[in-house]
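Here's the letter readout for the chains.
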Amino acid sequence: MNRQVLIKAENLTFKYGTEPPVLRNISLEIARGECVAVIGQNGAGKTTLAKHFNGMLKPVSGKVYVGGRDTERLKVSVLARTVGYVFQNPDHQIFHDTVGKEVAFGLKNFDLPGKVIEERVTAALETVGLTAHHATYPFNLSKGQRQRVALASVLAMQTEVIVLDEPTTGQDYRESMQIMNLVKKLNQNGHTVIFITHDMALVAEFAQRAIVLCNGEILADGGVRSIFSRPELLKETFLKPPQITALAQSLNRYAIPPDVLKVKEMYELLKARGEEIGCFS
Amino acid sequence: MAALVEYIHEDSPVHRLNALTKIFWALFTLGFGLLFNDYRYLLALLASVLLVAASARVLQSLLPVISGLTVFAMILFLIQALFYNQGQVLFYLIPGVDRVPVTVQGLLSGLAMAARMMTIILSFLVFLTATRTQDIVLTLVEKFKIPYDYAFMFLTALRFIPSFLNEVKMVSDAQQARGHSIGGINPFKKIKSYAPVTIPLVLLSINKAENIAMAMETRGYCGGNRTCLRDTRMGRTDYLLTAALILLLASSATARAAGYGVM
Ligand SMILES: Nc1ncnc2c1ncn2[C@@H]1O[C@H](COP(=O)(O)OP(=O)(O)O)[C@@H](O)[C@H]1O
Ligand SMILES: [Mg+2]
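These numbers come from a predicted model, not from an experiment.

Novice: Residues and numbers for the overall build of chain A, please.
Specialist: When helices and strands are tallied, chain A shows 11 helices and 10 strands. Radius of gyration (C-alpha) of chain A: 20 Å, near the 19 Å computed for a compact globule of 281 residues. Taken along its principal axes, the extent of the C-alpha atoms in chain A is 65 × 45 × 40 Å. For chain A, with 281 residues in total, the buried portion stands at 52%. Relative to all contacts within chain A whose residues are 6 or more apart in sequence, the contacts with residues 24 or more apart total 62%. With the model as given, the accessible surface of chain A reaches about 13200 Å², and the carbon-plus-sulfur share is 51%. The distance from the centre of the 33 positive side-chain charges to the centre of the 29 negative ones in chain A is 2 Å.

Novice: Requested: an account of the domain arrangement of chain A, with residues and values cited.
Specialist: Residues and elements named next belong to chain A. When the domains of chain A are assigned, the result is domain 1 (5-231) and domain 2 (242-281). Using only C-alpha atoms to locate each centre, domain 1 and domain 2 end up separated by 34 Å. Taken together, the contacts link 9 residues of domain 1 with 9 residues of domain 2. Summing the contributions of domain 1 and of domain 2, the shared interface buries around 760 Å²; its carbon and sulfur component is 64%. Interface area lost by domain 1 to domain 2 is led by Ala-204, Arg-225 and Phe-228, which between them contribute 62%. For the interface between domain 1 and domain 2, the tally reads 1 salt bridge. Notably, a salt bridge pairs Arg-225 with Glu-265, separated by 2.7 Å at the nearest N-O pair.

Novice: I'd like a description of the site of ligand 1, backed by residues and values.
Specialist: Residue and element names in this part refer to chain A. In the vicinity of ligand 1, the residues found are Tyr-16, Val-22, Gln-41, Asn-42, Gly-43, Ala-44, Gly-45, Lys-46, Thr-47 and Thr-48. At 2.7 Å from an oxygen atom of ligand 1 is found a main-chain nitrogen or oxygen belonging to Gly-43. Between ligand 1 and Lys-46 there is a distance of 2.8 Å, counted from an oxygen atom to a backbone nitrogen or oxygen. Protein chains bury 60% of the 560 Å² of accessible surface belonging to ligand 1 in isolation. Split into classes, the residues belonging to the shell around ligand 1 amount to 3 nonpolar, 6 polar and 1 charged.

Novice: For the packing of helix 7 (residues 148-176) of chain B against helix 9 (residues 195-218) of chain B, give the residues involved together with the corresponding values.
Specialist: Helix-helix packing: each pair is described by the crossing angle between the helix axes and the interaxial distance. Residue and element names in this part refer to chain B. Close contact between helix 7 and helix 9 brings their axes to 10 Å; oriented N to C, the two are set at 140°. Considering their axes alone, helix 7 and helix 9 lie oblique with respect to each other. Seen along the crossing, helix 7 lies across helix 9 with a hand that is right-handed. Touching Phe-152, Phe-160, Ser-163, Phe-164, Glu-167, Val-168, Val-171, Ser-172 and Gln-175 of helix 7 are Pro-196, Val-197, Pro-200, Leu-201, Leu-204, Ser-205, Lys-208, Ile-212 and Met-216, all from helix 9. Along the lines of polarity and charge, the residues of the contact of helix 7 with helix 9 split into 12 nonpolar, 4 polar and 2 charged.

Novice: Now, about the side chain of His-15 of chain B: what can you tell me, with residues and values included?
Specialist: Tracing the sequence through the fold places His-15 of chain B in helix 1 (residues 13-16). Apart from residues no more than four positions distant in its own chain, His-15 of chain B is found in contact with Tyr-7, Ile-8, His-9, Glu-10, Lys-22, Ala-56, Val-58, Thr-129 and Ala-130 of chain B.

Novice: Go over helix 6 (residues 173-188) of chain A with me, naming the residues and quoting the values.
Specialist: Residue and element names in this part refer to chain A. Between its terminal C-alpha atoms helix 6 stretches 22 Å, which fits the 22 Å expected from 16 residues at 1.5 Å a residue. The set of residues buried in helix 6 consists of Glu-175, Ser-176, Met-177, Ile-179, Met-180, Leu-182, Val-183, Leu-186 and Asn-187. As for helix 6, its buried residues are in contact with strand 3 (35-39), helix 4 (114-127), helix 5 (143-155), strand 7 (161-165), strand 8 (192-196) and helix 7 (200-206). Sitting at the head of helix 6, Asp-172 places a side-chain oxygen 3.2 Å from the backbone nitrogen of Arg-174. In the segment just after helix 6, Gly-190 is the residue with positive phi, at about 105°.

Novice: An account of the interface of chain A and chain B is requested, with residue identities and associated values reported.
Specialist: In this assembly, 22 residues from chain A lie in contact with 19 residues from chain B. Summed over the three residues of chain A that lose the most area to chain B, namely His-92, Phe-95 and Phe-105 of chain A, the buried surface amounts to 34% of that side. Run the count over chain A and chain B and you get 5 residue pairs in polar contact (both at pLDDT 80 or more). Within the residue set of the side of chain A that touches chain B, elements represented by two or more residues are helix 2 (76-79), strand 6 (83-86) and helix 3 (99-109) of chain A.

Novice: So what's going on with the sheet that holds strand 8 of chain A? Residues and values would help.
Specialist: Residue and element names in this part refer to chain A. Taking strand neighbours across the sheet as the criterion, the 6 strands line up as 6-7-8-3-9-10 in an open arrangement whose pairing is mixed. Every other strand in the sheet has two partners, leaving strand 6 and strand 10 (217-223) as the edge strands with one partner each. Between one strand axis and the next, the sheet turns through 15° on average, direction left out of account. Sheet topology places strand 3 next to strand 8; 4 bridges connect them, and they run parallel. Paired with Val-36 across the bridge in strand 8 is Ile-194. Here helix 5 sits on the sheet and contacts strand 6 and strand 7; the angle it forms with strand 6, its principal contact strand, is near 175°. Sheet contacts for helix 6: strand 3, strand 7 and strand 8; angle to strand 8, the most-contacted strand, approximately 150°.

Novice: Describe the packing of aromatic side chains, naming the residues involved and giving the relevant values.
Specialist: Residues and elements named next belong to chain B. In this structure the tally under the stated criterion is 9 aromatic pairs over all chains. Centre to centre, the rings of Tyr-148 and Tyr-221 are 6.3 Å apart; their planes meet at 35°, and the pair counts as tilted. With Tyr-148 in helix 7 and Tyr-221 in the loop between helix 9 and helix 10 (236-257), this residue pair connects regions lying 73 residues apart in the sequence. On the basis of relative accessibility, which here comes to 21%, the residue Tyr-148 falls in the partly exposed class. For the ring pair Phe-152 and Tyr-221, a centre distance of 5.5 Å and an interplane angle of 40° mean the geometry is tilted. Here Phe-152, found in helix 7, pairs with Tyr-221, found in the loop between helix 9 and helix 10; they are 69 residues apart in sequence, far enough to count as distant. The partly exposed category is assigned to Tyr-221, whose relative accessible area is 24%.

Novice: Which residues make up a nonpolar patch on the surface, and what values go with them?
Specialist: Residue and element names in this part refer to chain B. On the surface, a cluster of nonpolar side chains totalling about 1100 Å² of accessible area is made up of Val-71, Phe-72, Ile-75, Ile-79, Leu-82, Phe-83, Leu-90, Phe-91, Leu-93, Ile-94 and Val-97. For the nonpolar patch, the elements supplying multiple residues, two or more each, are helix 4 (59-83) and strand 1 (89-94). Of the residues forming the nonpolar patch, the biggest block, 6 residues, is contributed by helix 4. Mapped onto the fold, Phe-72 is located in helix 4. A relative accessible area of 56% places Phe-72 in the exposed class.

Parameters at a glance
All residue numbers refer to positions counted from 1 along the written sequence of the respective chain. Whichever chain is written first is A, and whichever ligand is written first is 1; the rest continue in order. Confidence filtering applies because this is a predicted model: local features only for residues at pLDDT of at least 70, side-chain atom pairs given and counted only at 80 or more, and all residues used for totals across whole chains, interfaces and linings. With hydrogens and water excluded, all non-hydrogen atoms of the structure serve as input to the side-chain values. Elements are defined by DSSP. Helices are runs of H or I of four residues or more, strands are runs of E of two residues or more, and each kind is numbered from the N terminus. Radius of gyration here is computed from C-alpha atoms only, and the compact-globule reference equals 2.2 Å multiplied by the residue count raised to the power 0.38. Exposure categories follow from relative accessible area, calculated using a 1.4 Å probe and restricted to protein chains: below 20% of the type maximum is buried, above 50% is exposed, and the middle band is partly exposed. We call two residues contacting when some pair of their heavy atoms lies within 4.5 Å. Where accessible areas are quoted, they stem from the Shrake-Rupley method and a 1.4 Å probe; at the residue level, only the protein chains shown are allowed to cover. Working convention for charge: Lys and Arg count positive, Asp and Glu count negative, and His plus the chain ends are omitted. Lysine's charge is taken at NZ, arginine's at CZ, aspartate's at CG and glutamate's at CD. Domain start and stop positions are those given by an automatic or database domain assignment. Summed over both partners, buried area is the accessible surface (1.4 Å probe) that two parts give up on being assembled. We define a salt bridge as a contact between a side-chain nitrogen of Lys or Arg and a carboxyl oxygen of Asp or Glu at a distance within 4 Å. Residues are counted as near a molecule or strand when any one of their heavy atoms sits within 4 Å of it. Between N or O atoms, a polar contact is any pair within 3.5 Å; within protein, one atom must be a potential hydrogen donor and the other a potential acceptor, and residues adjacent in sequence are included only when both atoms are from side chains. Note on residue classes: Ala, Val, Leu, Ile, Met, Phe, Trp, Tyr, Cys and Pro are nonpolar, Asp, Glu, Lys and Arg are charged, and everything else, Gly too, is polar. For helices, the fitted axis covers only the stretch in contact; all axes are lines through C-alpha atoms, and the angles between them, taken along N-to-C directions, range from 0 to 180 degrees. Every angle not falling under 35 degrees, over 145, or within 65 to 115 is termed oblique; those three ranges are roughly parallel, roughly antiparallel and roughly perpendicular. Crossings are classed by handedness, with left-handed meaning an anticlockwise turn of the near helix from the far one by less than a right angle and right-handed meaning a clockwise turn. Expected helix span is taken as 1.5 Å per residue step, with the number of steps being one fewer than the number of residues. Here, strands pair whenever DSSP counts at least two bridges between them. Two aromatic rings from Phe, Tyr or Trp, using only the six-membered ring of Trp, form a pair when their centres are within 6.5 Å; if the ring planes differ by under 30 degrees the pair is stacked, by over 60 it is edge-to-face, and anything between is tilted. For patches, a residue must show more than 30% relative accessible area and have no salt bridge; joins then use 9 Å for like charges and 5 Å for nonpolar side chains, namely Val, Leu, Ile, Met, Phe, Trp and Tyr.

The structure is reproduced here in structure tokens:
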């Protein structure tokens, strides 16, 4: 298996102005095809870290490489061809009078031919479930829908890497699931996905790997299963494992493993255990 | 930038002065600064402003601004030094052909202009950082008879400069992340390329203004007569200081008329 590193940070340290560093000595590698969740309490530095992945912020010391290129001298608008970034607030980017034009904006910046743009816009709107709103004035949509317009505008660019900063904040449960299923589909289609979230259930359900940030440092980096089975570590950055994992951990003395991630998994385990001790017969 | 116009809470003699006294002080500093153009006078004035900042204990917080201003001051100084070509020539920038003379007077007048610029800006910053916002509003309304709505509007606008600057950055980042780049040589194209940044900014600002208006109304804000809980009376120190300032300004105007402090 050839693991191809797309994003690499080496001893990345960053500070805003003269304030104390917000990120300290971050080293990490993200390979093609991964689906990584970045978690940590508010102010831990998640957004600041993510903004280094498309060159919006440059390290004060240390290096960040995207596709093997040092981001130091690269413009954001150039890196945009490799890394798409979905902002938390869609109103920072929407400025066209129709949803369709808004989604096409990034593609026009890449000087793609009209026909390709047309096709990609249609496809992206379909993916986010906004086909019917192609000609709608974006500000007549709900905030959740506008967020999906912003998402579509990044999806349409078909970048290798997609970074999503809290894509489900402010969405209801159904909308969150829609967005995350979409993220999953993107990942299955070969895109590398990095998402920031506060919802541990989403991490358990959708990510393979989690990077835990605490006060600007990496507290843990590894498989989601192994990270959630260490609640004492999560506590340090005021996180809790998903409820189902917490339940499994409290049932440890009944031989339930501490790294259960999904309700369905728990159900199967309990059923098997029940049959084993013969309480279903 | 964020600390530029924000009140910094301290318990200093300067903070305890009446807002009106501090407004007078800032205006008089402006007056002194414009009266004289001798670099010694202006440097002394700058030192006095820094002294006031130090006794208000805001010097530390203003340091980033001061270092920013110093850069501007240097540019001003250089421009003045290069383009002022009367008086005693010190040396030529292009030596062989005796072009671009740098004169003693040029250097001194550059120094004076730089000091003047810093003094005037800093005195207003010290005033803003050492005076509670409510007190400024009250003084504007009670002493200067400005309608409350306008005073309030002015201060809200001031208050929103830092968050607006922050938004400019966010919006331009968001558009660059979609491959947008500002620039080009063609001026029309350049102007057009600002649209993706300015339109969201305008929309955000309108939206924010509407929200603030609504939030204020739901909390009972309305125009009309107001009474104030806080007292804006001047104390003895305030009267003494104001009198001293007036005296000082009058005597400097006389001195200036007699030919002191000009080069
Ligand atoms: N533009 C900025 N200027 C100064 N400080 C900032 C700025 N953005 C974020 N910070 C500070 O950096 C720290 C990390 O912020 P951020 O990366 O947004 O955290 P998170 O996304 O994990 O909530 C916080 O302490 C925040 O106050
Ligand atoms: Mg954040």
